[in-house]
Structure formats: C-alpha cells, structure tokens
Amino acid sequence: MSTHAADVRPLMSRKSGRLQGAVVVPGDKSISHRALILGALAEGRTRITGLLEAEDILCTARALEALGAGVERDADGAWTVTGRGLGGLAAPAGDLDFGNSGTGARLMMGVVAGHPLAARFTGDASLQKRPMGRVLAPLQSMGLAIEEEGRNTLPLTLVGTGDLVPISYRLPVPSAQVKSAVLLAGLFASGETSVIESEKSRDHTEKMLRYFGAEISVEPFEGGLRIALEGRRTLQGQPVAVPGDPSSAAFLVAAALITPASDILVKNVLVNPTRTGFYETLAEMGADISFENEREVSGEPVADIRARTSELRGVTVPAARAPSMIDEYPMLAALATLAEGETLMEGLAELRVKESDRLAAMVDGLVACGAIAHARGDTLTVLGLPKVRGGATIKTHMDHRIAMSFLVLGLATEEPVTVDDASMIATSFPEFRTLMQQVGATLDEPGQASNEARGKDHE
Ligand code: S3P
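Residues numbered from 1 in each chain as written. Predicted model: local features only at pLDDT ≥ 70, side-chain atom pairs only at ≥ 80, totals over all residues. Heavy atoms only, no water.

**Q** Quick rundown of the site of the ligand? Include the residues and the values.
**A** What surrounds the ligand is the set Lys-29, Ser-30, Arg-34, Thr-103, Ser-175, Ala-176, Gln-177, Arg-202, Ile-326, Asp-327 and Lys-354. The contact in question runs from an oxygen atom of the ligand to an N or O atom on the side chain of Ser-175, over 2.9 Å. With 3 residues, helix H1 (residues 29-41) is the largest single contributor of residues to the shell around the ligand. Of the residues that constitute the shell around the ligand, the class distribution is 2 nonpolar, 4 polar and 5 charged. Three or more residues apiece are contributed to the shell around the ligand by two domains, here domain 1 (11-27 + 243-458) and domain 2 (29-240). (Near = heavy atom within 4 Å. Polar contact = N/O pair within 3.5 Å; in protein donor to acceptor, adjacent residues only side chain to side chain. Helix = DSSP H or I, 4+ residues; strand = E, 2+ residues; numbered from the N terminus. Nonpolar A, V, L, I, M, F, W, Y, C, P; charged D, E, K, R; others polar. Domains from an automatic or database assignment.)

**Q** Describe in detail the pairing of strand E16 (residues 288-297), supporting the description with residues and values.
**A** As paired elements, E16 and strand E17 (residues 300-308) share 8 bridges and run antiparallel to each other. Directly across from Ile-289, in E17, lies its bridge partner Ala-307. Two successive antiparallel strands, E16 and E17, enclose a turn made up of 2 residues, where Ser-298 displays a positive phi of approximately 50°. (Pairing = 2+ DSSP bridges.)

**Q** Give a description of the sheet that holds strand E11 (residues 192-197) that names residues and reports values.
**A** By definition, the strands of a sheet pair up through backbone hydrogen bonds, in either a parallel or an antiparallel sense. Taken in spatial order, the 4 strands of this open sheet run E10-E11-E13-E12, and their pairing is mixed. Looking at which strands have only one partner, the edges of the open sheet turn out to be strand E10 (168-170) and strand E12 (215-221). Strand after strand, the sheet turns through a mean of 15° between neighbouring axes, direction not considered. Across 7 bridges, the pairing between E12 and strand E13 (residues 224-230) is antiparallel. Opposite Glu-219, over in E13, you have Arg-226 as the bridge partner. Across the sheet, helix H5 (residues 176-186) is in contact with E10, E11 and E13; its angle to E11 comes to roughly 170°. (Axes fitted to C-alpha atoms, helices over the stretch in contact; angles between N-to-C directions. Contact = heavy atoms within 4.5 Å.)

**Q** Any details on the side chain of Ser-428? Residues and values, ideally.
**A** Summarising the element assignment, Ser-428 is placed in the loop between strand E23 (417-419) and helix H12 (432-439). Of the polar contacts made by the side chain of Ser-428, one reaches the side chain of His-400; its length is 2.7 Å. Every residue in contact with Ser-428, bar those within four places of it in the chain, is listed here: Lys-29, Leu-52, Ala-54, Ser-248, His-400, Arg-401 and Met-404.

**Q** Now, about the sheet that holds strand E6 (residues 96-97): what can you tell me, with residues and values included?
**A** Strands sit in the order E6-E7-E9-E8 across an open sheet of 4 strands; the sheet is mixed. Both outer strands of the open sheet, E6 and strand E8 (145-146), are each paired with one neighbouring strand and no more. In this structure, E6 lies alongside strand E7 (residues 118-122), joined through 2 bridges in parallel fashion. Counterpart to Leu-96 in the pairing with E7 is Phe-121. On top of the sheet, helix H3 (residues 102-113) reaches E6, E7 and strand E9 (156-159); it is set at about 175° to E7, its chief contact.

**Q** Explain the nonpolar core to me, and be specific about the residues and the numbers.
**A** Core analysis: the biggest nonpolar cluster contains 77 residues, and Leu-282, Leu-366, Phe-406 and Phe-432 have the highest contact counts within it. Top contributing element to this core by residue count: helix H7 (residues 246-258), with 10 residues. Discounting chain neighbours no more than four positions away, the residues touching Phe-406 are Ser-13, Ala-361, Met-362, Gly-365, Leu-366, Cys-369, Ile-394, Val-417 and Val-419. Core analysis: the second largest hydrophobic core is formed by 71 residues, Trp-79, Phe-188, Val-195 and Phe-212 among them. (Core = buried A, V, L, I, M, F, W, Y, C linked by side-chain atoms within 4.5 Å. Buried < 20%, exposed > 50% of the residue type's maximum accessible area, 1.4 Å probe, protein only.)

**Q** Outline unusual backbone geometry, supporting the account with residue identities and numerical values.
**A** A cis amide bond links Leu-154 with the next residue in sequence, Pro-155, at an omega value of 0°. Along the chain, the position of Pro-155 falls in the loop between E8 and E9. We note that Glu-222 has phi near 45°; this positive angle belongs to a residue other than glycine. Positionally, Glu-222 belongs in the loop between E12 and E13.

That is the geometry; function is a separate question.
This is the structure:
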C-alpha cells in the first residue's frame, strides 16, 4: 500500500475537439474516506468496492492501519477493513501523515479525540498551512488536548481521551469536515452530540453512520438542520459500493461543453443533491447536460451524466449554493471565461482556505491566460470572451483542482496552457490524464510530441 507523491511535473493542454466516449471516473473521495473510517470503528468487516485509490485516501488508509485497524486491498480490487470496534484503536508508532488531505486530517482528529492515546498529525506543505482551529475548538470542548497549546496548524500532537463529553455545536463555517469531525467524536461520548448547520453541507457522514447502525437524527432547525447522534452505540461493518466522484466528473463534463462537436457520457456518478450545485449552475448557463439512468446505490443517488458542446451564458451563482459545489468553483470560473456575459460567484470565503487560496490562484491564472476576472471580498467575477488566449504557465500552488481546471481550459484556448506541476492531481484523480486522452483531449508534457494521433484510439 505504499505510494509516493510524484516529482514536480509540468503538463500542457492544447486546443482539442470532438471529445467523445463513455468513461467511468474513480470513486467519490468523501465517501471513500468515510467508508474506511467507519469500517475501522465498526465491529466486523467492511468490504468496499469502487474505493478511490488516490493519495488522499491512501493516507487515511495508512493512518487507520497505524492505529491498528486492518486495511487490505483484495485481489479483485475491493478493499476490506477489519474494524476494531468503538474505542478499539491503539497508539500509532509514528506520525500520522495526511499528505495533502484536509478531509483525512480533520475527520481523523474526531476519531483520535475519542481514544486515550497521543498521535502526531502532519501533512505536506499545503496542508500545514490550512486552519485546523475550526475542528480543534469543538473537539477541545469535548475533551481533546493538544500538546502544542495555542497552535492551529499541523504538525500537532493530539491527545484523546476515553471520556469525551457530548456537545451541541453550531457550525461557525459551512463545513462538512467540521460537522463530520464532531459527529465522529460524538460516537465516543456518552449522551447526545448535536451539530447545527445553517446551510446544508454534504451529508455522507450522517448517511453512512445510519447505515452502519448509529442512532442519528436530522431535523429542520431554525432555517437550517440539527443533526443529533447518540454516543457509545456499536457500529456494524457493512458492504459499501462507492459511486463515481461528481467533483472528478466535473472536469470531463466541462471539457465536453467547451470543445467543438463533443459528446461525453460519464457513468456511475454520485448525484447526491448536496454535491450537484455545479451541474445545477451549468443547466442555468444553458449547458446541454442531462442525468440519465438515475438509480440508488448503497443509499446514494447515482446517474450517468451526459454532456455535449454548448454555448454558455453567464449567471449569478448565489452564496447559498456554495456548499454544494465548493470544490467546483475553479472549474466553473474557467468555464465562465468562455460564456457570454458576466458570471458572478458569491460567498466564496471558504475558497481561500482550500488546498491553496483558490480565489487568488484562479484570478491570477485566468488573467495570465488573457481572461478578465477579479475577486472582491468573497465574490469572484469573470467576464466571458469569444476567445481566450491561453499561452501561460499556471502556478498551481500544490492544488490538484487548480491544475485540472486550467488543463481543461487549455483545450479551448487559442494557445496551449501549461500547469507548473500536475503531480498533485494524483491526490484525487490519478486517472485524469488517461481518461482525458481517452476521450480525445490533447495533453502532453511540455516539449513532447503532440499525442493527438494517440488520443483518437479510443473510438
Ligand atoms: C469535504 C468537505 C469539503 C470539501 C472537501 C471534502 C468532505 O470541505 O471541500 O473536498 O469530504 O467532508 P469543507 O467541509 O471544509 O468545506
């Protein structure tokens, strides 16, 4: 199970057309983290099919193994987690390294909080800059201790306890990671732990907890939601089938929209409404997209998403939609450069604390490509142009989604777009380049011969 972050590797995309084919994107990142974690806390075995085999997830798998859970990849590609039961994890011998993954680090803080052990959490240069106080504050009020008092960034040594106290917590930021960390810690506290969110964020933790046998309720509360969990209830390992990640599918869909004569079907994608804000926005922009073959898999709605070349028009994306498309703003901002008129994206403060400051990274990169974009406060404005020049090398700041968004944009710009480092794409979507080439996109290492001829083999 050992993998290593690849070396810094630039990648270039150039004008492409007639992207076609049916593809399957890898498993959803959020659900993959949760399936591993709940499997480790449950009694018995959890067999996971379709797990995302990307760096972020492998970091969580390694952390759980270091804490004593059994995590194995079977010969057929499924994963089996052998749970240790609630409170059954043990002190790790070394650091828990979460690489680039905020989700892995933050959710696992909730898990470690409920065990009487010390664990040092660390991560890469991007993760070490990200705020952890938002998770540590509620966990500290439940009983978690931090050796480096007053510090809010990794590396940190966290000391859990077998005696957590339940809390009622109102989320100060709309964050599924914070909500999930508190609920996971609530599993170990005696009594009811509740989280109140004013805007509904992704609900995979709640759904999967219920599926594993937790006592959990979700009720409307003061215009938002109150999620209440009864602590110290045994979880039972379950089979989990992970659907495709809508945040990865977004790049293929976007590529189809902005390249000529394209028609792409992305099969088996999670379409949980807490994750589909991007697709809702595209429909408002006039995109030719549809959800086909809608069905339910492991309690989650799934569909095949078809996207065809479209004339897009600018729209205003309201702040209330941000939680349901938080990871898709970089791609949307790039698409908006080619839409007719202005696109306003409101309520984007959280983008500043993602794998990079995504507001700044997008504005800088788009402007370098000759597009018109600016951020004021937490609103991003992009003015569409008939043609975007491209011809720039984009600083990706260790951010996979910045890299992929600009590589997609480069398929429709006049001159190629280069990203300074594509290696981080492996954190969430290692198959990105192969799948894009499979549908006919031209992606090359700078200086390499065009793969145009190769890319057409798929049809
Ligand atoms: C995630 C929640 C989101 C999202 C991240 C995955 C999750 O973060 O950006 O990629 O799996 O809970 P926040 O909850 O911090 O907004």
